[in-house]
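A structural walkthrough
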Amino acid sequence: MADNPEILALIVRYLNNPDDLDNKLQVEAYRNQSTENNDFFLETKRLWDFSAKSALLEKVDESLAVANLKSRLTTSSQRKTNKIFPFNSSVIRWAAASIVLLGIASIAYFYTGKSKFNELNKPYASDANPGSNKAVLVLADGRKISLSDVNNGAIAKEAGLSITKTSDGQLIYTVAEVNSKSGQSVRSAFNTIETPKGGMWQVKLPDGSSVWLNAASSLTYPISFNDGQKRIVELKGEAYFEVAKDDLHPFVVKTTRQEVEVLGTHFNINAYADENTVKTTLLEGSVRVKANQQNLEAETLKPGQQTVLSADAFSVKNVDVEEAIAWKNGYFMFGNEKQESIMRKIARWYNVRVEYADAAAKEVTYYGSISRFENVSKVLRKFEQTGEVKFEVEKDKIIVYKEDKD
């Protein structure tokens, strides 16, 4: 870490004054560049919290720091074409503070008998595998098909349509021979895809739209969109939509608390029953979001915007869309998100229960990202690196503690 004095200076300056917006943006940009960068930040923060914090600045001999670090910083800045921030004399003081920070942390490491540091490497009693492609298809006649168990190829026919499972796991609906004696009306025929905790699935709807379902979610849809003026589906949980364009037949997603209407676009809806808000995030095109409450007006989103619907409010804000669809792309991404919210996601994806030994642990916030395809133990270790929380894993239960820093 000492080989990166400019980065250390940036981080320490932020830790000493987190309200400095310009510096905060630079730190966030650095953390978002890679998982390694984010790990480096979290480790430095942990050491900072463990040491004397801002009192370090009083220990810096600025003239000595200039003599020791100026040549290194100049050489470093010449090597790098994409610096995090312009080199100037203030960097010297902050970089020196960083070196002092590491020195104090090293001393603390040995004087504490390494116990606080080694605790991070103590194995959990149990672990949990990540989720995978698992779902059940409920046909219009009530039959249920486990999509993770059935072979690839044609898996069912109903109301003139053939349902096929492809090699990459998605479902595709195509026109088959119409059986007029089937007694099943296309207009009234609906299918439902249900994902369990620890499952996800992708389906290509009869109109060509693609939908990715997150864990513990379900999507109900007609097996033909030819009848009716609108293409209406119902969602529980979370899904990402890439809607096939059809100007004559708007696509409508209904949840228990809102409706989203589009013609053709890419968007994500998070509407889990155990969440306090419903979030709709637009990546491409345009959507109109209408809350079911009579006193709330509809909102039309632009790409990069998100509606947030709570029990008594409906707002629009600009967001990082990558965070909203991180689950679909195979990783967790948290932007100063509370541990309680994070653990709900962990519970769904790893099919575990979460308990809190300390209520204060619910309020701890975390910023970072990690693959969703790591075992839960590795994900929890990431959180523990903040020095704010710790965990126990007992079979299918995770117990969350607030870290005692005394």
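Our structure's up above, just so we're on the same page.
Residues numbered from 1 in each chain as written. Predicted model: local features only at pLDDT ≥ 70, side-chain atom pairs only at ≥ 80, totals over all residues. Heavy atoms only, no water.

Digging into the overall build of the protein chain
The helix and strand inventory of the protein chain stands at nine helices and 24 strands. Sorting the 406 residues of the protein chain into buried and exposed places 47% on the buried side. When contacts within the protein chain are restricted to residue pairs at least 6 apart in sequence, those whose partners lie at least 24 apart make up 55%. Here the protein chain has roughly 19800 Å² of accessible surface; of this, 47% comes from carbon and sulfur atoms. (Helix = DSSP H or I, 4+ residues; strand = E, 2+ residues; numbered from the N terminus. Buried < 20%, exposed > 50% of the residue type's maximum accessible area, 1.4 Å probe, protein only. Contact = heavy atoms within 4.5 Å. Areas by Shrake-Rupley, 256 points an atom, 1.4 Å probe, with all protein chains shown as cover.)

Quick word on the nonpolar core
Counting 43 residues, the largest nonpolar core has Leu-137, Ile-193, Leu-219, Phe-241 and Phe-267 as its most contacted members. In terms of residue count, strand S11 (residues 231-242) provides more of this core than any other element does, four residues in total. In contact with Leu-219, not counting residues within four places along its chain, are Asn-191, Thr-192, Ile-193, Val-203, Leu-205, Val-211, Leu-213, Val-233, Glu-234, Leu-235 and Phe-241. One finds Leu-42, Trp-212, Ile-325 and Phe-334 within the second-largest nonpolar core, a separate group that totals 39 residues. (Core = buried A, V, L, I, M, F, W, Y, C linked by side-chain atoms within 4.5 Å.)

As for the environment of Lys-204
Its place among the elements puts Lys-204 in strand S8 (residues 199-204). As for Lys-204 and Glu-242, which are separated by 38 residues in sequence, their C-alpha atoms are 9.5 Å apart. Leaving out residues up to four positions away in the same chain, Lys-204 has contacts with Gln-170, Leu-171, Ile-172, Tyr-173, Ser-209 and Ser-210.

Section: unusual backbone geometry
For Ala-216, which is not glycine, the phi torsion reads 55° and is therefore positive. Counting through the fold element by element, Ala-216 comes out in the loop between strand S9 (210-213) and strand S10 (217-222). Residue classification places Ala-216 among the partly exposed residues on the basis of a relative accessible area of 30%. Here Asn-351, not a glycine, exhibits a phi torsion of approximately 55°, which is positive. If you trace the backbone, Asn-351 turns up in the loop between helix H8 (339-350) and strand S21 (353-356).

Re the pattern of salt bridges
Opposite charge on two side chains allows them to pair when their charged atoms are near. Under the criterion given, the structure shown has 17 salt bridges. Across the pair Arg-231 and Asp-207 runs a salt bridge whose closest N-O atoms are separated by 2.6 Å. Taken together, the residues Arg-231 in strand S11 and Asp-207 in the loop between S8 and S9 connect sequence positions 24 residues apart. For the pair Arg-231 and Asp-207, a shared accessibility class is recorded, and that class is buried. With a closest N to O distance of 2.8 Å, Lys-338 and Glu-363 form a salt bridge. Taken together, the positions of Lys-338 in strand S20 (residues 331-338) and Glu-363 in the loop between S21 and strand S22 (365-371) put the pair 25 residues apart, joining distant regions of the chain. Given a relative accessible area of 44%, Glu-363 falls into the partly exposed group. Several salt bridges converge on common partners, so that one network encompasses Arg-353, Glu-355, Glu-394, Asp-396 and Lys-397. (Salt bridge = Lys/Arg side-chain N within 4 Å of Asp/Glu carboxyl O.)

Some remarks on the packing of aromatic side chains
Counted by the stated rule, this structure contains 12 aromatic pairs. Residues Phe-241 and Phe-267 carry aromatic rings whose centres are separated by 5.0 Å and whose planes lie at 10° to one another, so their mutual orientation is stacked. With Phe-241 in strand S11 and Phe-267 in strand S14 (residues 266-271), this residue pair connects regions lying 26 residues apart in the sequence. For the pair formed by Phe-241 and Phe-267, the shared burial category is buried. Summarising the aromatic geometry, the rings of Trp-349 and Phe-373 are spaced 6.0 Å apart at their centres and angled 80° between planes, so their arrangement reads as edge-to-face. Here Trp-349, found in helix H8, pairs with Phe-373, found in the loop between S22 and helix H9 (376-384); they are 24 residues apart in sequence, far enough to count as distant. Using a relative accessible area of 47% as the deciding quantity, one classes Phe-373 as partly exposed. Members of the aromatic cluster, joined through ring pairs, are Phe-332, Phe-334, Tyr-350, Tyr-366, Phe-383 and Phe-391. Sitting over the ring of Phe-332, Arg-372 keeps its end group 5.8 Å from the ring centre. Lying over the aromatic face of Trp-349, Arg-372 brings its terminal NZ or CZ to 3.7 Å of the ring centre. (Phe/Tyr/Trp six-rings, centres within 6.5 Å; stacked < 30°, edge-to-face > 60°. Lys NZ or Arg CZ within 6 Å of the ring centre and 35° of its normal.)

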